[in-house]
Amino acid sequence: MTAYQRLPSASFSPVPGPDGDTRGAEVRTTASYDLAWVDHRGMATWDRRSLPDTPEVEAAVSSFARSAMLRGPRGPVAVEDLIPGDQVMVRGGGMARIDWIGSRSYSSTAERPMFYRVAARAFGASGPDVDILLGASAHVLIDSKKCVDLVGGTLAFAPISAFEDGHNVAAIVPPGEVTVYGIACRGQEAMLAAGLAIESYHPARATVRSLNRTVLADLAKLFPQTTGGAGFGAPRIPYLTPAEAVGLALAGV
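Residues numbered from 1 in each chain as written. Predicted model: local features only at pLDDT ≥ 70, side-chain atom pairs only at ≥ 80, totals over all residues. Heavy atoms only, no water.

**Quick word on the overall build of the chain**
Counting secondary structure elements, the chain contains five helices and 15 strands. Expressed as a percentage of its 253 residues, the buried residues of the chain come to 49%. Sequence separation of 24 or more characterises 68% of the internal contacts of the chain that already satisfy a separation of 6 or more. Surface exposure of the chain reaches about 11,900 Å², of which carbon and sulfur atoms provide 52%. (Helix = DSSP H or I, 4+ residues; strand = E, 2+ residues; numbered from the N terminus. Buried < 20%, exposed > 50% of the residue type's maximum accessible area, 1.4 Å probe, protein only. Contact = heavy atoms within 4.5 Å. Areas by Shrake-Rupley, 256 points an atom, 1.4 Å probe, with all protein chains shown as cover.)

Below, the structure is given as structure tokens:
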């Protein structure tokens, strides 16, 4: 197992330190993000925040396109209809509580993000049941013996972009206004979207790259539910690098 795939052993809290001092940071382009989270009273809370337009922040809200269907206790629910505190089905048949939902909208005149249309049964028995549209930062759960030599086990999360082939997984930029969404739970979960297991956002994705105090401060503002020092828990499932995921895709996982 390489250092890239080694997971943090403790709960991750995106708090940069006791002073949170980011003075001297360069002026950065910002974007508007709609956030909703479970606060310290257990209540759903909403806010719109202007945050730096960085890859780390964008990755947190770029897993699902509008109308993506997740499975709730009473059946499928569109991502835009979910609120913090709702339960969604996860791989294995259990339920996980949503602690945070973030989204960003792009006007028809703005540079719009990439999406990936995943065809029904693109991943065989793993799904999805029907065609779905995922955001560029979505990570799909891979369950294959071919993962053992890479991460030490059969399960790993891989970026959906690695499986783009123009047919089963196709990259598209939809016309008109679009909205992207991200969902976070208390810990790392494999949520079912049309039957396909997609990772709930976990900051371990960012820790496999370099994190500095500025990025940590950005994440702290992005996830208000961590203000009291609460973290996301240690991730349970490792990540494949893009190159490893491409290799598995070519090998036909």
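**Digging into the packing of aromatic side chains**
Evaluation of the coordinates by the stated rule reveals five aromatic pairs. Following the ring pairs from residue to residue traces out a cluster consisting of Trp 100, Tyr 201, Phe 223 and Phe 232. (Phe/Tyr/Trp six-rings, centres within 6.5 Å; stacked < 30°, edge-to-face > 60°.)

**Thoughts on the side chain of Ser 63**
Inspection of the secondary structure puts Ser 63 in the loop between helix H1 (55-60) and strand E3 (64-65). Look past the residues within four positions of Ser 63 in its chain and what remains in contact with it is Leu 134, Gly 135, Ser 137, Ala 138, Tyr 181 and Arg 205.

**A word on the nonpolar core**
Core analysis: the biggest nonpolar cluster contains 37 residues, and Phe 64, Phe 123, Leu 134, Ile 160 and Ile 183 have the highest contact counts within it. Non-local contacts of Phe 123, meaning those with residues more than four positions away in its chain, are made with Val 118, Val 140, Ile 142, Ile 160, Phe 163, Val 169 and Leu 196. Grouped together as the second largest cluster of nonpolar side chains are 22 residues, Phe 115, Ile 172, Val 215 and Leu 222 included. (Core = buried A, V, L, I, M, F, W, Y, C linked by side-chain atoms within 4.5 Å.)

**Focus on the pairing of strand E1 (residues 30-38)**
Here nine bridges tie E1 to strand E2 (residues 44-52), and the two strands are oriented antiparallel to one another. Along E2, the bridge assignment pairs Ser 32 with Ser 50. Hairpin connection between E1 and E2: a loop of five residues separates the two successive antiparallel strands, and Gly 42 in this loop has a positive phi of roughly 80°. The pairing of E1 with strand E7 (residues 95-106) spans four bridges and is classified as antiparallel. Of the residues in E7, the one forming a bridge with Asp 34 is Ser 103. (Pairing = 2+ DSSP bridges.)

**Let's talk about the pattern of salt bridges**
On inspection of all chains with the given rule, the structure shows twelve salt bridges. Across the salt bridge formed by Arg 49 and Asp 47, the nearest N and O atoms sit 2.9 Å from each other. A relative accessible area of 25% means that Arg 49 is categorised as partly exposed. When salt bridges with common partners are traced through the structure, they connect Asp 53, Glu 58 and Arg 104 into a single cluster. (Salt bridge = Lys/Arg side-chain N within 4 Å of Asp/Glu carboxyl O.)

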